[in-house]
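Residues per chain, in single letters:
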Amino acid sequence: MDREHPLVREVFPAFARELTALLEAEGERDLALVARDLRLVAECGCGDGFCQSFATAPHPKGQPFGAGHRCVPLPAEEGLLALDVMDGRIMYVEVVDRAPLRGGQGHPD
C-alpha cells in the first residue's frame, strides 16, 4: 500500500464523494470505482489562485499522456472538473474556478 501519498477521500472527503457521484451519473461506473482509491500524488504547482488541480499518479511534467488517453469532463455545479484518464486509470484531476477544497484532519468538511 502507498503510505507516502494520502487517499483523496481522506484529505478531501466531500470532493471525493462528489467526484464519485458525478462519474456514476455520467455512466462512468468503472472510473467511479477507481476514484474511491485515488491518491494525492502532487499538486499542479502552476501557482494560479483559481487552480486546485492535482496528479493522482506519477507522470513526467510537460509530457503528453499519449495513446490510450482520454479527457473526461464532468458537470460539476461549481467550476470546471475534468479527468485525464489513461487506459482506465485516473492520472490527473483538473479542478478550476471553485471554492477551496476542504477536509482532512482538523478541518470541517
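Draft legend 1. Main features of the pairing of strand S4 (residues 80-86). Taking burial as the measure, the 7 residues of S4 include 6 buried ones, the bulk of the element. In this sheet, S4 lies alongside strand S3 (residues 69-74) in antiparallel orientation, the contact comprising 6 bridges. The residue bridging His69 from the neighbouring strand is Met86, located in S4. Taking the residues between adjacent antiparallel strands as the criterion, S3 and S4 are bridged by 5 residues, where Gly79 takes a positive phi near 65°. Bridge count for S4 against strand S5 (residues 89-96) is 7 bridges, and the pairing is antiparallel. Across the sheet, residue Leu81 finds its bridge partner in S5, namely Val95. Joining the antiparallel neighbours S4 and S5 is a turn of 2 residues, in which Asp87 adopts a positive phi near 50°.

Draft legend 2. Examining helix H2 (residues 13-25) more closely. The first and last C-alpha atoms of H2 sit 18 Å apart over 13 residues, in line with the 18 Å expected at 1.5 Å per residue. Among all positions in H2, only Phe15, Ala16, Leu19, Leu22 and Leu23 are buried. End-on view of H2: buried residues confined to an arc of 130°, all on one side of the axis. Residues of H2 that are exposed and point more than 90 degrees away from the buried face comprise Arg17 and Ala25. Looking at the buried side of H2, the elements it contacts are helix H1 (8-11), helix H3 (29-35), strand S2 (54-55), S3, S4 and S5. Just past H2, the residue Gly27 takes up positive phi, approximately 80°.

Draft legend 3. The arrangement of the pattern of salt bridges in detail. Using the criterion set out here, one finds 4 salt bridges in the structure. The salt bridge partner of Glu24 is Arg29, with a shortest N-O separation of 3.2 Å. Arg70 is the partner of Glu28 in a salt bridge, and the nearest nitrogen-oxygen pair spans 2.9 Å. In this pair, Glu28 is assigned in the loop between H2 and H3 and Arg70 in strand S3, connecting sequence segments 42 residues apart. We classify Arg70 as partly exposed; its relative accessible area is 38%.

Draft legend 4. The environment of Glu77, seen in detail. Tracing the sequence through the fold places Glu77 in the loop between S3 and S4. Once the C-alpha coordinates of Glu77 and Leu22 are considered, the two residues, 55 residues apart in sequence, prove to be 10.0 Å apart.

Draft legend 5. Region of interest: the nonpolar core. Of all hydrophobic cores here, the largest spans 24 residues; its most connected members are Phe15, Leu19, Leu23, Leu81, Leu83, Ile90 and Val93. Ranked by the residues each element gives to this core, the list is headed by H2, at 5 residues.

Draft legend 6. Seen up close, the side chain of Arg39. Along the polypeptide, Arg39 turns up in the loop between H3 and strand S1 (42-43). One polar contact links the side chain of Arg39 to the main-chain carbonyl oxygen of His5, over a distance of 2.6 Å.

Thresholds, definitions, all that
Chains are numbered independently. Their residues run from 1 in the order of the written sequence. With pLDDT at 70 or above as the cut-off, local features in this predicted model cover only qualifying residues; side-chain atom pairs require 80 or more to be listed or tallied, and sums for whole chains, interfaces and linings still use all residues. Values reported for side chains reflect all heavy atoms of the structure, with hydrogen atoms and water molecules removed beforehand. Exposed residues in this analysis have more than 50% of their type's maximum accessible area, buried residues have under 20%, and partly exposed residues fall in between, with area computed by a 1.4 Å probe over protein chains only. Labels follow the DSSP assignment, with helices taken as runs of H or I lasting at least four residues and strands as runs of E lasting at least two, numbered in each case from the N terminus. Any two strands with at least two DSSP bridges between them are considered paired. Here, expected helix span is obtained from the residue count minus one, scaled by 1.5 Å. Here the arc refers to the directions that run from the helix axis out to each C-beta atom. Contacts: residue pairs with any heavy atoms within 4.5 Å of one another. By definition, a salt bridge exists where a carboxyl oxygen of Asp or Glu is found within 4 Å of a side-chain nitrogen of Lys or Arg. Throughout, nonpolar core names a set of buried Ala, Val, Leu, Ile, Met, Phe, Trp, Tyr and Cys residues whose side chains join them through atoms within 4.5 Å. What qualifies as a polar contact is a pair of N or O atoms within 3.5 Å, subject to a donor-acceptor requirement within protein and to the restriction that residues adjacent in sequence count only when both atoms come from side chains.

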